[in-house]
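These are the residues of each chain, in order.
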Amino acid sequence: MKSINQCNKKLSFMGRFSLFMIIVLIIFISIAPIYMIYSPDSINLDNKFAGISSIHLLGTDQLGRDIFTRIVCGARISLLSVGITILLVLLCGILMGSIAGFFGGNADRIIMRICDLFLSLPTIIFSLFLVGILGAGLENVILAIALTHWAWYARIVRSIVLTLKNKEFVILSRVYGASPWQNFKRNMLVPIITQCLVLATMDIGHIMLHIAGLSFLGLGVQPPQAEWGVMLSDSKDFIWSNPELLIYPGFALFICVALFNMLGDSLRDYFDLDLKNLH
């Protein structure tokens, strides 16, 4: 049980600030259809490379498309794809780690050897390999990244289950006739979800960069769809003549990654999560 000091502990200022900014960002992109007056794919070659103005808040790109509109649409795609990826990673990692830790034996050995195989390969190389097999496209990128990240969560969940299943209150629950599922749900599920959500928050920035990087290489979101990695790829030929075309999506990506990293670090400190002991 938490002590009184732990219960009264508050999220740090940076954690509260990053959480507030993330909520504002999500609301801002959720209501985007209300205030956007341009289509992200609307081409107007007569208005290409237009500067900042009241009708084009960030100017236009090499095809005359409104950059602000494309930045907002890119945020929607990035956050949605990251959310789906994290959900897949958590579902697979919690399921496999819980089975390995709770039942042990051959199930534990097989699952942990599979995890060792996935963890022994660099995630970006393995992702490129999987996308090469599955084919380009955002759906395949999400699947590839989920497959390269679930093993870390499975090992963490297994360590949590192994730590908790021999505690007195868990053993007492078994003595009083609780089924394995009831025992797991009552005594282990909340700590597992809490720690996995903290780790997932810390991992969001990494996965966002991963998706943008694969899109930059032409393996993720495909042009002309608005996405930050695609915008960076489309603008690389104009780095000297119109560097703002790269600065805007790059800065947006940097801000989002920084906000989620700050929130993840604050949540880790708030819940006293020691990553060194989770292996």
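Residues numbered from 1 in each chain as written. Predicted model: local features only at pLDDT ≥ 70, side-chain atom pairs only at ≥ 80, totals over all residues. Heavy atoms only, no water.

S.K.: I'm lost on the overall build of the protein in this one. Help?
M.R.: Counting secondary structure elements, the protein contains twelve helices and zero strands. The N-to-C order of helical and strand elements in the protein reads α-α-α-α-α-α-α-α-α-α-α-α. For the C-alpha atoms alone, the extent of the protein along its principal axes is close to 75 × 45 × 30 Å. Contacts in the protein between residues far apart in sequence, at least 24 positions, make up 70% of those at least 6 positions apart. Carbon and sulfur atoms make up 69% of the accessible area of the protein, which amounts to about 14,900 Å² in all. (Helix = DSSP H or I, 4+ residues; strand = E, 2+ residues; numbered from the N terminus. Contact = heavy atoms within 4.5 Å. Areas by Shrake-Rupley, 256 points an atom, 1.4 Å probe, with all protein chains shown as cover.)

S.K.: Teacher, can you tell me more about the packing of helix H2 (residues 13-30) against helix H4 (residues 67-103) here?
M.R.: A pair of packed helices can be characterised by two numbers: the angle between their axes and the separation between those axes. At a closest axis distance of 10 Å, the pairing of H2 and H4 adopts a crossing angle of 115°. By the angle between their axes, H2 is roughly perpendicular relative to H4. You can see that H2 and H4 cross each other, and the crossing is left-handed. For the pair H2 and H4, the contacting residues are Leu25, Ile26, Phe28 and Ile29 in the first and Phe68, Val72, Ala75, Arg76 and Leu79 in the second. A per-class count over the contact of H2 with H4 returns eight nonpolar, no polar and one charged. (Axes fitted to C-alpha atoms, helices over the stretch in contact; angles between N-to-C directions. Parallel < 35°, antiparallel > 145°, perpendicular 65-115°, else oblique. Left-handed = near helix turned anticlockwise from the far one by under 90°. Nonpolar A, V, L, I, M, F, W, Y, C, P; charged D, E, K, R; others polar.)

S.K.: Explanation requested: the packing of aromatic side chains in the structure shown.
M.R.: Pairs of aromatic rings are described using the distance from one ring centre to the other and the angle between the two planes. Inspection of the entire model under this criterion finds ten aromatic pairs. Consider the rings of Phe118 and Trp150, whose centres lie 5.4 Å apart with planes at 70°: the pair is edge-to-face. Taken together, the residues span a long stretch of sequence, with Phe118 in helix H5 (residues 105-119) and Trp150 in helix H7 (residues 138-164) at a distance of 32 residues. What makes Trp150 buried here is its relative accessible area of 5%. An aromatic cluster is built from Phe118, Phe126, Phe129 and Trp150, whose rings are joined through pairwise contacts. The ring of Phe216 carries the charged tip of Lys236 above its face, separated from the ring centre by 5.9 Å. (Phe/Tyr/Trp six-rings, centres within 6.5 Å; stacked < 30°, edge-to-face > 60°. Buried < 20%, exposed > 50% of the residue type's maximum accessible area, 1.4 Å probe, protein only. Lys NZ or Arg CZ within 6 Å of the ring centre and 35° of its normal.)

S.K.: Explain the pattern of salt bridges to me, please; I cannot follow it from the model alone.
M.R.: Pairs can form between side chains of opposite charge once their charged atoms are near each other. What the rule picks out here adds up to nine salt bridges. The salt bridge partner of Arg113 is Asp116, with a shortest N-O separation of 2.9 Å. In this pair, Arg113 and Asp116 are both assigned in helix H5, three residues apart and thus about one turn of the helix distant. The residue Asp269 makes a salt bridge to Arg268 at a minimum N-O spacing of 3.7 Å. Residue Asp269 is classed as partly exposed on the basis of its relative accessible area, which comes to 48%. For Arg268, a relative accessible area of 25% puts it in the partly exposed group. One connected set of salt bridges, linked through shared partners, spans Asp41, Asp61, Arg65, Arg70 and Asp234. (Salt bridge = Lys/Arg side-chain N within 4 Å of Asp/Glu carboxyl O.)

S.K.: Looking at this model, I keep getting lost on a nonpolar patch on the surface. Mind explaining?
M.R.: On the surface, a cluster of nonpolar side chains totalling about 470 Å² of accessible area is made up of Leu19, Ile23, Ile27, Ile31 and Ile34. Tallying contributions element by element places H2 first for the nonpolar patch, with three residues. For Ile31, the location among the structural elements is in the loop between H2 and helix H3 (32-35). Ile31 sits in the partly exposed class, given a relative accessible area of 38%. (Patch = residues over 30% accessible without salt bridge, like charges linked within 9 Å, V, L, I, M, F, W, Y side chains within 5 Å.)

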